[in-house]
Amino acid sequence: MTTTPPVRQIRDISGLLDHASHVLATRMASAFTELGITPRAYCVLFHAQEAERTQIQLAELADLDKTTMVVTVDELEKAGLAERRPSASDRRARIISVTDAGERAVERGTEIADRVHREVLDALPEPERGIFVSALTRLVDGHLAEPVESERTVRRARRARS
C-alpha cells in the first residue's frame, strides 16, 4: 500500500524559530569569546548594572535556574567582574554588585551583542529589518508572551555550554 506523505499547510514556524535561536546563540557565544565571558555572564552583568538587584531577581531576568545562577555569579566573582553583597533591606538576600572591570565588560559586551544582532539584521533587505523586529516584538509581547499549561513537560532546547 502506498501512502501519501502529509503536506503542511503552514510553514513550520517552531522549527524556524528553534533553528534561528540555536544559530544566533552559537554566533553570540563565539563572538563573546573575544571578551572571555559567556553571553549568559554578560546578561547577568548587564542587568546587575541597570539597578541594584538580588541574585533571585537577576536569575529571573536572565531566565536562569537557581543553580545556574549561582555558578554564573561564582564565575563572575572569580573573574573580578562582580561581587555578592548583603542586601540592605533583606539580610538573607545577596545583591550582585558590578565591579569597575565588570562595567568595562558590560560596555564591551554591549558592543559585541549589538554587532552580532546588526549582522543578523543586515542579512535582510533594508525595508524588511524594521518589519521583522516589529513583528517578532509584537508576538513576544503578545500572543507568545507566556507559556501555556500543558500536561506534558515542554523542555527548552539545550544550549551548548561554553
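Residues numbered from 1 in each chain as written. Predicted model: local features only at pLDDT ≥ 70, side-chain atom pairs only at ≥ 80, totals over all residues. Heavy atoms only, no water.

Give me unusual backbone geometry: which residues, what numbers.
With phi around 60°, aspartate 63 is a residue other than glycine that occupies positive phi space. Relative to the helices and strands, aspartate 63 resides in the loop between α3 (55-62) and α4 (66-78). Exposure remark for aspartate 63: the relative accessible area of 46% places this residue in the partly exposed category. (Helix = DSSP H or I, 4+ residues; strand = E, 2+ residues; numbered from the N terminus. Buried < 20%, exposed > 50% of the residue type's maximum accessible area, 1.4 Å probe, protein only.)

Give a detailed account of the packing of helix α2 (residues 39-50) against α3, specifying residues and quantitative values.
The N-to-C vectors of α2 and α3 enclose an angle of 120°; their axes lie 9 Å apart at closest approach. Looking at the two axes, α2 sits oblique to α3. Considering only the axes of α2 and α3, their crossing is right-handed. Residue-level inspection shows Cys43, Val44, His47 and Ala48 of α2 in contact with α3, the latter providing Leu58, Leu61 and Ala62. Its residues placed into classes, the contact of α2 with α3 shows 6 nonpolar, 1 polar and no charged. (Axes fitted to C-alpha atoms, helices over the stretch in contact; angles between N-to-C directions. Parallel < 35°, antiparallel > 145°, perpendicular 65-115°, else oblique. Left-handed = near helix turned anticlockwise from the far one by under 90°. Contact = heavy atoms within 4.5 Å. Nonpolar A, V, L, I, M, F, W, Y, C, P; charged D, E, K, R; others polar.)

Please set out the nonpolar core residue by residue, giving values where relevant.
Core analysis: the largest hydrophobic core is formed by 25 residues, its most contacted members being Phe32, Ile37, Val44, Leu45, Met69 and Leu76. Going through the elements one at a time, α1 (13-32), α2, α3, α4, β2 (94-98) and α5 (100-122) are the ones with two or more residues in this core. Among residues more than four places away in sequence, those in contact with leucine 45 are Ile37, Leu76, Leu81, Ala82, Val98, Gly102, Ala105 and Val106. (Core = buried A, V, L, I, M, F, W, Y, C linked by side-chain atoms within 4.5 Å.)

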